[in-house]
Amino acid sequence: MPRGILLTFIAAVACSSEAGKSAQPAPSSVVQPYVTIQETLAADRLDKLSELSAQVVVAAEPLQAEAGIPEVVAGAGRVAAQDIDTARAGFEKMSMGLISYLKTHSDQRTGYEVVFCPMAFNNKGAYWVQKTGEIINPYHGMMMLHCGDKVAWDKAPG
């Protein structure tokens, strides 16, 4: 999806929230809304994915020249889908981009780790970034919530 169309889509979704709600402050990094998306998918939910995807796009805008950010933005458009399989596929693209970005910005990795689930996407496997701690799998959700292996940042792809 071309970037201009994606930004228009995300902006339209973000503006379609109920009148009278106060505007959410823009996230200070792409990591914050990304992790909320990861936790939402792990709970097998879709609620607020459109808004969270819009937050990712807004936070990524000034970072467009950075490694991995175009993939993060492209994946954000798919995460806003109304079915969980499409959202998870978009999240995988976001994850690979975010890992690339964070590998070059070690100052933003504090409190986060990379995890790999070898069974995701019919045993193709997939990576993600999450808060440090217990594994919370966004690809299998509640069915296999703790499936995955932690990966050192220097061993992660990207």
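Residues numbered from 1 in each chain as written. Predicted model: local features only at pLDDT ≥ 70, side-chain atom pairs only at ≥ 80, totals over all residues. Heavy atoms only, no water.

Q: Describe unusual backbone geometry, with residues and values.
A: Excluding glycine, residues mostly have negative phi values, and the peptide bonds linking residues are mostly trans. Although it is not a glycine, Asp 44 sits at a positive phi angle of roughly 60 degrees. Positionally, Asp 44 belongs in the loop between α2 (31-42) and α3 (49-60). Of note, Lys 48 is a non-glycine position whose phi angle comes to about 70 degrees, a positive value. Residue Lys 48 is classed as exposed on the basis of its relative accessible area of 56%. (Helix = DSSP H or I, 4+ residues; strand = E, 2+ residues; numbered from the N terminus. Buried < 20%, exposed > 50% of the residue type's maximum accessible area, 1.4 Å probe, protein only.)

Q: For the pattern of salt bridges, give the residues involved together with the corresponding values.
A: Taken as a whole and assessed by the stated rule, the structure comprises five salt bridges. In this structure, Arg 88 engages Asp 44 in a salt bridge whose closest nitrogen and oxygen atoms are separated by 2.6 Å. Here Asp 44 lies in the loop between α2 and α3 and Arg 88 lies in helix α5 (residues 84-103), a separation of 44 residues in the sequence. On the basis of relative accessible area, Arg 88 is assigned to the buried category, the value being 8%. You can call Asp 44 partly exposed: its relative accessible area is 36%. (Salt bridge = Lys/Arg side-chain N within 4 Å of Asp/Glu carboxyl O.)

Q: Before we move on, could you go through the packing of aromatic side chains and cite the residues and values that matter?
A: Using the criterion set out here, one finds five aromatic pairs in the structure. When the ring of Tyr 34 is compared with that of Phe 91, the centres are 4.8 Å apart and the planes differ by 20 degrees; the resulting orientation is stacked. A residue pair is termed long-range when its members are at least 10 positions apart, and Tyr 34 in helix α2 and Phe 91 in helix α5 qualify at 57 residues. Judged by its relative accessible area of 1%, Tyr 34 is buried. Here Phe 91 falls in the buried class, since its relative accessible area comes to 0%. (Phe/Tyr/Trp six-rings, centres within 6.5 Å; stacked < 30°, edge-to-face > 60°.)

Q: So what's going on with the packing of α2 against α5? Which residues, and what values?
A: At a minimum axis distance of 11 Å, the contact between α2 and α5 shows a crossing angle of 145 degrees. Between α2 and α5 lies a crossing whose hand is left-handed. Here Val 31, Tyr 34, Ile 37, Gln 38 and Leu 41 of α2 lie close against α5, whose contacting residues are Ile 84, Ala 87, Arg 88, Phe 91, Met 94, Ser 95, Leu 98 and Leu 102. Here the residues of the contact of α2 with α5 sort into ten nonpolar, two polar and one charged. (Axes fitted to C-alpha atoms, helices over the stretch in contact; angles between N-to-C directions. Left-handed = near helix turned anticlockwise from the far one by under 90°. Contact = heavy atoms within 4.5 Å. Nonpolar A, V, L, I, M, F, W, Y, C, P; charged D, E, K, R; others polar.)

Q: Quick rundown of the nonpolar core? Include the residues and the values.
A: One finds Tyr 34, Ile 37, Phe 91, Met 94, Leu 98 and Trp 128 to be the most contacted residues of the largest nonpolar core, which totals 37 residues. Contributing elements (two or more residues each) for this core: α2, α3, α4 (69-79), α5, β1 (112-117) and β2 (126-131). Per element, the largest residue contribution to this core is seven residues, and it comes from α5. (Core = buried A, V, L, I, M, F, W, Y, C linked by side-chain atoms within 4.5 Å.)

Q: Go over the confidence of the model for the chain, please, and point to the residues and values.
A: Across the chain, pLDDT averages 87, with 82% of residues at or above 70. Below pLDDT 50 for its whole length, residues 1-25 participates in 18 contacts with residues either more than four positions away or in separate chains. (pLDDT = per-residue confidence, 0-100.)

Q: Provide a residue-level description of the sheet that holds β2, including the pertinent values.
A: One open sheet holds the three strands; their spatial order is β2-β1-β3, and the pairing between them is antiparallel. Two strands close off the open sheet at either side, each with one partner strand: β2 and β3 (149-151). On average, each strand axis in the sheet is inclined to that of its neighbour by 40 degrees, with strand direction left out of account. As defined by bridge partners, β1 adjoins β3 across three bridges and the pair is classed as antiparallel. Note on β3: the bridge partner recorded for Val 115 is Lys 150. Across the sheet, α2 touches β1 and β2, and the angle it forms with β2 is around 110 degrees. (Pairing = 2+ DSSP bridges.)

Q: Explain the pairing of β1 to me, and be specific about the residues and the numbers.
A: Relative to β2, β1 runs antiparallel, the two being bridged by six bridges. Bridged to Phe 116 within β2 is Tyr 127.

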